[in-house]
Amino acid sequence: MNPDYSIFVVGAGAMAEAFIRGITVRGAVDPKQIYVINRSGRARLEELQRLYGVVPTDALSDAAECDLVVMSVKPADMAAVLQQLRPFLHGQVVVSFAAGLTRAWLHEQVEGRAHVIRTMPNIPVAVMSGVTAVTCGPDLDAQEREHVLFLLRQLGEVVELSEDMMDAVTAFSGSGPGFVCYVLEAMENAAVQLGFTPETARLLLLQTVVGTARTLDEWGLSPAELRKRVTSKGGTTHAGIQAMQDANLDGIIAQALRAAAQRSAEMGREYRGEDSEAVAPDSAARSRFR
Ligand SMILES: NC(=O)c1ccc[n+]([C@@H]2O[C@H](COP(=O)([O-])OP(=O)(O)OC[C@H]3O[C@@H](n4cnc5c(N)ncnc54)[C@H](OP(=O)(O)O)[C@@H]3O)[C@@H](O)[C@H]2O)c1
């Protein structure tokens with residue numbers, strides 16, 4: 001990557017920090033080439049400067065000098081911030097982390113003055129073990145695209161998807177950590193009911209989960225294959241899975257993902273200021289997740 005490549009990060013919250021941390025710790029970008037701005041003041045920006053060596057700024061106009069602009073503000077703030085930023089855009093790449101805001105909508109907000117990449121990271125990017133879904137669009141130069149994908153790969157895996165899958169991926173890998181934690185929470189509570197102390201239950205839980213994920217990865221197995229390997233007819237795992245099947249757990253999980261994807265589509269319409277009642281019945285996204 002060109003050592004002069006410069007990045008303007010709008011927002012200094014959790015996701016902005018995860019991005020900055022990921023791209024600086026292994027030296028992918030010189031932190032002195034990363035400018036960060038927020039709304040409410042210096043304290044947080046100075047903290048990021050202390051931790052990662054980035055450059056605090058209070059001038060959106062600095063974006064004019066940067067190659068990449070990363071929008072890490074809440075979806076509800078996006079229209080106002082892009083309106084202020086627009087005069088300083090002249091063909092840079094703008095990456096959005098915001099849920100629900102389509103490339104077309106973002107492109108319209110910047111009045112075509114930038115190439116827009118829509119992404120959906122998940123929370124494990126904070127420990128560089130995340131997955132970021134990305135949709136680029138045809139207007140993007142191959143080298144610019146490669147630069148952005150390289151940066152996002154510092155945070156974990158990157159999956160390129162067509163835009164019509166972004167609500168689905170928001171539900172799956174975006175909300176996925178929350179779903180996994182809900183199941184883990186239930187397992188932990190059940191373990192305590194079986195007689196373990198909370199501390200022992202937590203240790204057994206984390207090691208079981210991390211170990212299972214690592215085994216799947218290292219052995220190259222699907223979850224179904226590993227499950228079959230550890231399930232003998234009439235054994236303990238078989239008895240537990242039978243109880244899950246009797247309760248229709250797979251149907252419940254499918255229902256949860258559909259509900260999340262549908263909510264993502266609805267929230268997108270709300271953030272974009274569209275009338276969800278008028279749009280919903282014909283929306284491809286809505287019918288997809290029914
Ligand atoms: N956190 C996650 O797990 C996650 C996962 C996937 C996607 N995302 C997306 O990532 C984006 C950021 O999320 P987050 O969790 O990092 O949010 P956050 O912690 O609330 O941070 C938002 C940041 O935006 C700044 N901001 C708001 N208006 C601004 C303005 N006019 N000019 C400059 N800065 C402004 C805020 O500054 P002040 O604090 O000074 O107001 C704050 O630093 C969101 O779109 C979210 O949907 C987050």
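Residues numbered from 1 in each chain as written. Predicted model: local features only at pLDDT ≥ 70, side-chain atom pairs only at ≥ 80, totals over all residues. Heavy atoms only, no water.

1. Digging into the site of the ligand
- Taken together, 21 residues form the shell around the ligand, and within it Ala12, Met15, Arg39, Ser40 and Val73 come nearest.
- A distance of 3.3 Å separates an oxygen atom of the ligand from a polar atom in the backbone of glycine 13.
- In this structure, arginine 39 approaches the ligand through a main-chain N or O atom, which is 3.0 Å from an oxygen atom.
- Within the complex, 78% of the 900 Å² of free accessible area of the ligand lies under protein.
- For the shell around the ligand, the elements supplying multiple residues, two or more each, are helix H1 (14-25) and helix H3 (75-85).
- Residue contributions to the shell around the ligand peak at three residues, all from H3.
- When its residues are assigned to classes, the shell around the ligand shows 13 nonpolar, five polar and three charged. (Near = heavy atom within 4 Å. Polar contact = N/O pair within 3.5 Å; in protein donor to acceptor, adjacent residues only side chain to side chain. Areas by Shrake-Rupley, 256 points an atom, 1.4 Å probe, with all protein chains shown as cover. Helix = DSSP H or I, 4+ residues; strand = E, 2+ residues; numbered from the N terminus. Nonpolar A, V, L, I, M, F, W, Y, C, P; charged D, E, K, R; others polar.)

2. Here we look at a nonpolar patch on the surface
- On the surface, Leu194, Phe196, Leu203 and Leu204 cluster together into a nonpolar patch covering about 430 Å² of accessible area.
- Take leucine 194: it is sitting in the loop between helix H7 (176-193) and helix H8 (198-219).
- You can call leucine 194 exposed: its relative accessible area is 73%. (Patch = residues over 30% accessible without salt bridge, like charges linked within 9 Å, V, L, I, M, F, W, Y side chains within 5 Å. Salt bridge = Lys/Arg side-chain N within 4 Å of Asp/Glu carboxyl O. Buried < 20%, exposed > 50% of the residue type's maximum accessible area, 1.4 Å probe, protein only.)

3. Looking at the side chain of glutamate 17
- Its place among the elements puts glutamate 17 in helix H1.
- At 2.8 Å, the side chain of glutamate 17 and the side chain of arginine 44 are in polar contact.

4. Details of the domain arrangement of the protein
- For the protein, the assigned domains read domain 1 (7-162) and domain 2 (175-247).
- Spacing between the C-alpha centres of domain 1 and domain 2 amounts to 36 Å. (Domains from an automatic or database assignment.)

5. Considerations on the sheet that holds strand E2 (residues 34-37)
- As summarised here, the arrangement of the eight strands in space is E3-E2-E1-E4-E5-E6-E7-E8, forming an open sheet in which the pairing is mixed. Because the sheet does not close on itself, it has two edges, and the strands there are strand E3 (55-56) and strand E8 (156-160).
- Relative to strand E7 (residues 130-135), strand E6 (residues 115-120) runs antiparallel, the two sharing three bridges. If you follow threonine 119 over to E7, its bridge partner there is valine 134.
- Taken strand by strand, helix H5 (residues 142-153) contacts strand E1 (7-10), strand E4 (68-71), strand E5 (93-96), E6, E7 and E8, and its axis lies near 140 degrees from that of E8. (Pairing = 2+ DSSP bridges. Contact = heavy atoms within 4.5 Å. Axes fitted to C-alpha atoms, helices over the stretch in contact; angles between N-to-C directions.)

6. With respect to the UniProt feature "domain: Pyrroline-5-carboxylate reductase dimerisation" (unreviewed entry) in the protein
- What UniProt calls "domain: Pyrroline-5-carboxylate reductase dimerisation" (unreviewed entry) maps, in this numbering, to residues 163-267.
- For residues 163-267, the helix share is 83%, the strand share is 0%, and the end-to-end C-alpha distance is 16 Å. (UniProt positions renumbered as here; feature names shortened; annotations may be inferred.)

7. Here we look at the packing of H7 against H8
- Two elements in contact, H7 and H8, have axes whose closest approach is 9 Å; the angle formed by their N-to-C orientations is 135 degrees. When the interaxial angle is binned, H7 and H8 end up oblique. The crossing of H7 and H8 is right-handed. From H7, Leu184, Met187, Glu188, Ala191 and Val192 reach across to H8, where they touch Pro198, Ala201, Arg202, Leu205 and Val209.
- A breakdown of the residues in the contact of H7 with H8 according to their chemical character gives eight nonpolar, no polar and two charged. (Parallel < 35°, antiparallel > 145°, perpendicular 65-115°, else oblique. Left-handed = near helix turned anticlockwise from the far one by under 90°.)

8. Remarks on the pattern of salt bridges
- Using the criterion set out here, one finds 14 salt bridges in the structure.
- Between glutamate 46 and arginine 42 there is a salt bridge; the shortest N-O distance is 3.7 Å. With a gap of four residues between them, glutamate 46 and arginine 42 both fall in helix H2 (residues 42-52), about one helical turn apart.
- The partly exposed category is assigned to arginine 42, whose relative accessible area is 41%.
- Among the salt bridges present, the one from arginine 272 reaches glutamate 274, with a minimum N-O distance of 3.0 Å.
- Taking the relative accessible area as the measure of exposure, glutamate 274 reaches 32% and is therefore partly exposed.
- Overlapping salt bridges, with partners in common, bring together Arg145, Glu146, Arg153 and Glu160 in one network.

9. Things to note about H2
- Residues of H2 that are buried include every one of Leu45, Leu48 and Tyr52, and no others. Buried residues of H2 fall within an arc of 55 degrees about the axis and therefore sit on the same side. In this structure, H2 carries Ala43 and Arg50 as exposed residues pointing more than 90 degrees from its buried face.
- Residues of H2 that are buried sit in contact with H1, E2 and E3.
- Count one or two residues on from H2 and you reach glycine 53, which has phi positive near 80 degrees. (Arc of directions from axis to C-beta.)

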